[in-house]
Amino acid sequence: GDISLLKQTGAHVIHCPESNLKLASGLCPVQELLDSGINVAIGTDGAASNNDLDLFGELRTAAMMAKVVANDASALSAHKALQMATINGARALGRDHELGSLAEGKLADIIAIDLSDPFLQPVYDPASHLVYSNHGRSVSHSWINGVPQVQDGRLTRIDVADLMLRVEDWAGRIRTKAD
């Protein structure tokens, strides 16, 4: 009944598999939702229920969980998982006309992944590598609306040393209040 209701109302599902696992809140029937025509996007939830917020980790977990839930090794292909992280997410936000795919007139929100790591070789299917072998630390470049955010693996708009000092200061404050 829930899937019929989601379809009738045009609702979107944001799947946060690692949060679901950590909180023991159930297994999402991703393939069944997709087969029913429901838009499913991938999310990380928040730091309280997902310690690393690594979208690539979510992709890997979502793809593997979908296979177990569907009892089908072909469920949720790597290409479909990438769609969940890109165009499906933009669709859920109502912004697929400007985000989520590389097309003329859309915002230039792009990342580049360095697949040259020896542990990622050989690369037969880049989509499969992005989903099953990759992690967020492999992002070599990132642009948001065409503005560089990461170049050669380094943040361009954040002073990391200053950020780490502020993080440690806040961590100390939180520890003091907790005691």
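Anything mentioned here points back to the structure above.
Keep in mind it's a predicted model, so treat the numbers as computed, not measured.

K.L.:
Explanation requested: the pattern of salt bridges in the structure shown.
P.N.:
It is possible for side chains of opposite charge to pair when their charged atoms get near one another. Per the stated rule, a full pass over the model turns up 5 salt bridges. Linking R95 and E98 is a salt bridge whose minimum nitrogen-to-oxygen distance equals 2.5 Å. With its nearest N and O atoms 3.1 Å apart, the salt bridge here joins R166 to D162. With R166 and D162 both in helix α8 (residues 160-178), this residue pair falls 4 residues apart, about one helical turn. The class of R166 is partly exposed, set by a relative accessible area of 46%.

K.L.:
Quick question: what am I supposed to make of unusual backbone geometry here?
P.N.:
Trans is the prevailing form of peptide bonds, just as negative phi is the prevailing case for residues other than glycine. Of note, the bond from Q121 into P122 is cis; its omega dihedral lies within 30 degrees of zero at -10°. The phi torsion at A24 lies on the positive side, around 50°, for a residue other than glycine. Structurally, A24 is set in the loop between α2 (17-23) and α3 (30-35). The backbone of N71 sits at a positive phi, close to 55°, despite the residue not being glycine. Residue placement: N71 occurs in the loop between α4 (55-70) and α5 (78-85). Relative accessible area serves as the criterion here: at 72%, N71 is assigned to the exposed category.

K.L.:
Sorry if this is basic, but what is going on with the sheet that holds strand β6 (residues 154-155) here?
P.N.:
Sheets are built from strands that pair by backbone hydrogen bonding, the pairs being arranged parallel or antiparallel. Ordered in space as β3-β4-β5-β6, the 4 strands form an open sheet in which the pairing is antiparallel. A strand with exactly one partner marks an edge of an open sheet, and here the two such strands are β3 (110-113) and β6. In terms of strand pairing, strand β5 (residues 147-151) meets β6 through 2 bridges, oriented antiparallel. Counterpart to Q151 in the pairing with β6 is R154.

K.L.:
Explanation requested: a nonpolar patch on the surface in the structure shown.
P.N.:
Together, L155, I158, V160, M164 and V167 line one region of the surface with nonpolar side chains, adding up to about 420 Å² of accessible area. Among the elements that line the nonpolar patch, the one with the most residues is α8, at 3 residues. Along the chain, I158 turns up in the loop between β6 and α8.

K.L.:
Looking at this structure, how should I read the nonpolar core?
P.N.:
A general tendency of soluble globular proteins is for nonpolar side chains to be buried together. Ranked by internal contacts, the top residues of the largest apolar core, which has 22 residues, are V30, L33, L59, L76 and V131. Elements with a contribution of two residues or more to this core: α3, β2 (40-42), α4, α5 and α7 (126-132). The leading source of residues in this core is α4, at 5 residues. Here V131 is in contact with F56, L59, R60, A63, A78, A81 and L82, once residues within four sequence places are set aside.

K.L.:
Before we go on, may I ask you to explain the packing of aromatic side chains in this structure?
P.N.:
Working definition: an aromatic ring pair is given by the centre-to-centre distance plus the angle between the planes. For the structure shown, the criterion picks out 0 aromatic pairs. When the ring centre of W170 is taken as origin, the NZ or CZ atom of R173, which lies over that ring, is 4.3 Å away.

K.L.:
Which parts of the structure should I look at to understand α8?
P.N.:
Given 3.6 residues per helical turn, the α-helix brings residues three or four places apart onto the same face. In a regular helix each residue adds 1.5 Å, so 19 residues correspond to 27 Å; α8 covers 26 Å between its end C-alpha atoms and thus fits that length. Structurally, the start of α8 carries an N-cap: the backbone nitrogen of A161 is 3.2 Å from a side-chain oxygen of D159.

K.L.:
In this structure, what is going on with the side chain of D54? I would like to understand it.
P.N.:
Tracing the chain through its elements places D54 in the loop between β2 and α4. Excluding anything up to four places from it in sequence, D54 contacts T44, H135 and G136.

K.L.:
What is the right way to look at the pairing of strand β4 (residues 139-144) in this model?
P.N.:
Sheet faces and side chains relate simply in a regular strand, where the side chains alternate between the two faces. Two elements, β3 and β4, share 4 bridges in a ladder whose sense is antiparallel. The residue of β4 that forms the bridge with I111 is S142. Here β4 hands over to β5 after 2 residues, with N145 in that stretch at a positive phi of 50°.

Parameters and conventions
- Residues numbered from 1 in each chain as written.
- Predicted model: local features only at pLDDT ≥ 70, side-chain atom pairs only at ≥ 80, totals over all residues.
- Heavy atoms only, no water.
- Salt bridge = Lys/Arg side-chain N within 4 Å of Asp/Glu carboxyl O.
- Helix = DSSP H or I, 4+ residues; strand = E, 2+ residues; numbered from the N terminus.
- Buried < 20%, exposed > 50% of the residue type's maximum accessible area, 1.4 Å probe, protein only.
- Pairing = 2+ DSSP bridges.
- Patch = residues over 30% accessible without salt bridge, like charges linked within 9 Å, V, L, I, M, F, W, Y side chains within 5 Å.
- Areas by Shrake-Rupley, 256 points an atom, 1.4 Å probe, with all protein chains shown as cover.
- Core = buried A, V, L, I, M, F, W, Y, C linked by side-chain atoms within 4.5 Å.
- Contact = heavy atoms within 4.5 Å.
- Phe/Tyr/Trp six-rings, centres within 6.5 Å; stacked < 30°, edge-to-face > 60°.
- Lys NZ or Arg CZ within 6 Å of the ring centre and 35° of its normal.
- Expected span 1.5 Å × (residues − 1).
- Polar contact = N/O pair within 3.5 Å; in protein donor to acceptor, adjacent residues only side chain to side chain.

Nothing here speaks to function; it is all geometry.
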